[in-house]
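Here is how the chains run, residue by residue.
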Amino acid sequence: MNYEPIIGLEVHAELLTKSKMFCGCEVVDSITAKPNRHICPVCTGQPGALPVLNNKAVELAVKVGLALGCQIHTESIFARKNYFYPDLPKGYQISQYDQPLATDGKLLIETEAGIRSIRIRRVHLEEDTGKLSHADARSFIDYNRSGVPLLEIVTEPDLRSSDEAKAYATALHAILRYLDVNSGDMEKGVIRFEANVSVREAGSERLNTRTEIKNLNSFRSLAQGIEYEIARQTEIVSRGGIVEQETLGFNETTGKTYSQRGKESAHDYRYFPEPDLPPLILDSDWIDSIRATLPELPDAKTKRFISDFGLTQSDARFLTSELSLANYFERVAAKSNSSAKAVHSWIAGEFMHYVNETGIKIEDVTLPPESFAKLIDMTTDKVIGGNSAKIVLSELLRNGGDPEHIVQEKGLVQVSDESFIKEAVTKALNDNPSEVEKYLAGKETLLQWFVGQVARATKGKADPNVTRELVVKGLEGRRK
């Protein structure tokens, strides 16, 4: 029997505000800040402390709701979500329940089967909890994070595979970064995914018992956790067993989910309206003013890159996956006389290799777009070869400078003079008689190897096209 996965995602994204959701405490880096230094009676739930709403958090939440095509409700209600856990000093979390800020949006994702529309059930505001850590058989609590503004974005159960869940999470992450409402630093836990997973007979419309995998903070763990849970539930139901409704953790080392507790239902939280906060009333004109500030979002930018620059869908999608990358590409392309395709190739290749290798953020790269464009144009105009250009780019990225000066200093100007290149070709053929014999016997892949030998001997200065022609002539001239 075939089984179909049914997946819904809840995404918790910290909002980029200076202060917390209901008090004036500073929002700090949860990794580097000393613990429990940025707290007050409000965010630690002391008796008599009263919350005051952070207007900036509301503005950012409305911006996200609009970007996701949601209906923004002019009246929403904060509620108390009651449960006991050490990271929640009040014994309840101020959240939104039956009257959230925004509902009924959608997000388009790319799948192998084409574009799919994933429905957004709700977008609501709440406060984050403290942070628990465990070491040496002891547990530690840091309340710096307690009360940080949090946006929860909940889908309908529209996703059907781990790949679709990852595509959704990636697309949402990009939108949050484009809107500048979240830092995107997933390793710091500023975006956390929770996946609700169930399986059912293929073709059925029934929603079976689901499990919830909590606190997945990377795209990789999101996909792995879902894949494991689909396999686990499928094995249970295929042998006639029953899937228990429960909350699960995910062990990245073992790649397996594990039970944390029985899954609560909404009534277990005993939601009731927050008595210390009035209804959140928004003015329609204010909402419209926020709508007017929405930037060009990833989908629109991708379409523009395809139409304006003649890029392929995959090339454009790669560049628009990060706003900083898209902006850098546009600045380089604007300064370059080369094709946009050439600019894309250099950015997607050597530039991203440097970024990934060093771990540097794209916005922190110091290479001016003008210098990068000049280097790309020098390769297009065959002033230097591709291998030499990689050497120059590495120098520019690490130490700065002018590409023309670096080329002159290192003697990397490309040479097209046939007599110069022919000398190197002849030497390469004479030094490697066995490879010559193998080529003449039919191993034509050695042609590129000989081109490489010449490039190495001339330190990358030989024009590769001229080199290739002369290598072919030289080899064919030795054919008996």
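Residues numbered from 1 in each chain as written. Predicted model: local features only at pLDDT ≥ 70, side-chain atom pairs only at ≥ 80, totals over all residues. Heavy atoms only, no water.

## Re helix H13 (residues 433-440)
Now for step 1: Looking only at H13, the buried set comprises Glu435, Val436 and Tyr439. All buried residues of H13 fall inside an arc of 105° around its axis, so they share one side. Exposed and facing more than 90 degrees away from the buried side of H13 are Pro433 and Glu437.
Now for step 2: Close packing links the buried residues of H13 with helix H12 (418-431), helix H14 (446-457) and helix H15 (464-477).
Now for step 3: Positive phi appears at glycine 442, one or two residues downstream of H13, with a value of about 125°. (Buried < 20%, exposed > 50% of the residue type's maximum accessible area, 1.4 Å probe, protein only. Helix = DSSP H or I, 4+ residues; strand = E, 2+ residues; numbered from the N terminus. Arc of directions from axis to C-beta. Contact = heavy atoms within 4.5 Å.)

## As for the sheet that holds strand E4 (residues 78-82)
Now for step 1: Ordered in space as E5-E4-E15, the three strands form an open sheet in which the pairing is antiparallel. Every interior strand has two partners, whereas the edge strands, strand E5 (92-96) and strand E15 (272-273), have only one.
Now for step 2: Sheet analysis places E4 next to E5, joined by five bridges and oriented antiparallel. Bridging from a neighbouring strand, phenylalanine 78 pairs with glutamine 96 of E5. (Pairing = 2+ DSSP bridges.)

## A short note on the sheet that holds strand E1 (residues 3-14)
Sheet strands associate in pairs through backbone hydrogen bonding, adopting either a parallel or an antiparallel arrangement.
Now for step 1: Strand order in this open sheet of nine strands is E2-E6-E7-E10-E1-E11-E12-E13-E14, and the pairing throughout is mixed. Each of the sheet's edge strands pairs with one partner strand only, and the pair in question is strand E2 (71-72) and strand E14 (256-262).
Now for step 2: Note: strand E7 (residues 114-127) against strand E10 (residues 149-155), seven bridges, orientation antiparallel. Among the inter-strand pairings, isoleucine 120 is bridged to a residue of E10, identified as threonine 155.
Now for step 3: Each of E1, strand E6 (102-111), E7, E10 and strand E11 (191-201) touches helix H2 (residues 162-178); the most contacted strand, E6, lies at about 115° to it. (Axes fitted to C-alpha atoms, helices over the stretch in contact; angles between N-to-C directions.)

## Points about the pattern of salt bridges
Now for step 1: What the rule picks out here adds up to 30 salt bridges.
Now for step 2: Where lysine 214 meets glutamate 194, a salt bridge forms, and the shortest distance between an N and an O atom there is 3.3 Å. Remark: glutamate 194 occurs in strand E11 and lysine 214 occurs in strand E12 (residues 211-216); sequence separation between them is 20 residues.
Now for step 3: A network of salt bridges, in which partner residues are shared, links Glu14, Asp128, Arg145 and Arg192. (Salt bridge = Lys/Arg side-chain N within 4 Å of Asp/Glu carboxyl O.)

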